[in-house]
Amino acid sequence: MTGCRYVNPRSGAEWDIDEPLWRAPDDGSYLNLTPSTSFDAKEIETHEPSIWRYRKMLRIDAPPLSLGEGWTPLIEGEWDGVNVAFKCDHMMPSGSFKDRGVSVMMAYLKGHGINKILEDSSGNAGSSVATYAARAGMEATIFSPASAPPAKLTQMRAMGAQVRAIEGPRQNAADAALKEALGGTFYAGHNIQAFFLEGCKTVAFEIWEQMGGSSPDHVIVACGQGGNVMGLDIGFKELSAANLIKKVPAIHGVQALNAAPYLASWEGNGEPVTVNPKPSVADGITSSKGVRVAEVLSSCRETGGSLIGVSEAEILGSMRRLHQKGFFVEPTTAAGAAGLSKLISSGAIKKGDSVVLLLTGIGLKAIDTIRNNEA
């Protein structure tokens, strides 16, 4: 049907995608999809102004589930003296890039008979899942930190999701969702569900189209659990395999220093590291431990990119600068811009390089934080 299967990257075991899985039957951890080399530019549905223009590359045999997500603007601009194109994924139906992955994941699940799901989220993914569950007529229960921005929790509830606010760090919400999922409800955790990444890869396809059939030298993005990092890597590698680009761009993931488990692994021996996270204005990328650590590190390392840490002051300063350029984004998004500044100041990115910065979440998601830090 679609030419892909679930694969356990640790054991190599594979399973059909006809039956939705949320974890590997052999070891209980996350699943990936087998690689694809099926990108065919002739099959792009150019009449469709959303990620579903790439429907034949998404490898699901289910009807699209769409609210017009994707095909966001790529705006030319400048940052620290370097020409930069801003990819405006904060202009999505639910207000964040998560709509790319969630719309595909939910279409797959709905098309395979799943009508009730669990999710855990610090905010944006939960808002997106609630939005697309409403669109699909599915029941959704979202486990979220009680400290998540009120606007995000309100958005989830407004869309009809049952929200369970869990006290303590972000990991507590994930642990609570996992415990609940063991009771039988399908766990559509975006950090472990393979079809979420199928949607995330469409940002690479769009950048390629919007750049006239070429790829940039560098792409920079805030990194929580690395959905965008991996999506960029998967998408650009599919374009490369189809001989449509000369090279895969260097992918740079940016973490908040207050909660940076992937950075700790990057600077260590590459093994998963559990950190004691401190509160961060970049709530969307705070976590104590990584999930797909090997994949995220590989995406950055193999493309010649990097993982970078930025301070709270650097995040807030970059947020204000983005606002002054007309991009009303949340602090999490601004972490990427702060990382871009470091790459430029270190000489890793130079004048004349082709650069794309992903803007991931709209400022309305964190209006209280912005109000308190606007000076």
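Refer to the preceding data block for the structure.
From a predicted model like this one, the values you see are computed outputs, not experimental measurements.

**Focus on unusual backbone geometry**
Thinking step 1. Even without a glycine there, the phi angle at R59 is positive, about 60°.
Thinking step 2. If you trace the backbone, R59 turns up in the loop between β3 (32-33) and β4 (74-79).
Thinking step 3. On the basis of relative accessibility, which here comes to 7%, the residue R59 falls in the buried class.
Thinking step 4. In this structure, N243 takes a positive phi of about 60° despite not being glycine.

**Looking at the sheet that holds strand β11 (residues 250-256)**
Thinking step 1. Sheet architecture is open: six strands sit in the order β4-β5-β13-β10-β11-β12, paired in mixed fashion. Every interior strand has two partners, whereas the edge strands, β4 and β12 (306-310), have only one. Strand-to-strand twist across the sheet, computed as the mean angle between neighbouring axes with direction ignored, equals 30°.
Thinking step 2. Contacting β4, β5 (82-88) and β13 (355-359), helix α6 (residues 202-210) crosses the sheet at an angle of about 125° to β5.

**A look at a nonpolar patch on the surface**
Thinking step 1. On the surface, F328, L364 and I367 cluster together into a nonpolar patch covering about 240 Å² of accessible area.
Thinking step 2. Accessibility expressed as a relative area gives 52% for L364, which makes it exposed.

**As for the packing of helix α2 (residues 124-136) against helix α3 (residues 150-158)**
Thinking step 1. Where α2 contacts α3, the axes come no closer than 8 Å and their chain directions differ by 15°. One element, α2, and the other, α3, form an angle in the roughly parallel class. Handedness of the crossing formed by α2 with α3: left-handed. Contact residues: α2 offers N124, G126, S127, A130 and T131, while α3 offers K152, Q155 and M156.

Criteria and thresholds
Residues numbered from 1 in each chain as written. Predicted model: local features only at pLDDT ≥ 70, side-chain atom pairs only at ≥ 80, totals over all residues. Heavy atoms only, no water. Helix = DSSP H or I, 4+ residues; strand = E, 2+ residues; numbered from the N terminus. Buried < 20%, exposed > 50% of the residue type's maximum accessible area, 1.4 Å probe, protein only. Pairing = 2+ DSSP bridges. Axes fitted to C-alpha atoms, helices over the stretch in contact; angles between N-to-C directions. Contact = heavy atoms within 4.5 Å. Patch = residues over 30% accessible without salt bridge, like charges linked within 9 Å, V, L, I, M, F, W, Y side chains within 5 Å. Areas by Shrake-Rupley, 256 points an atom, 1.4 Å probe, with all protein chains shown as cover. Salt bridge = Lys/Arg side-chain N within 4 Å of Asp/Glu carboxyl O. Parallel < 35°, antiparallel > 145°, perpendicular 65-115°, else oblique. Left-handed = near helix turned anticlockwise from the far one by under 90°.

Such coordinate-based values are descriptive only and should not be taken to indicate function.
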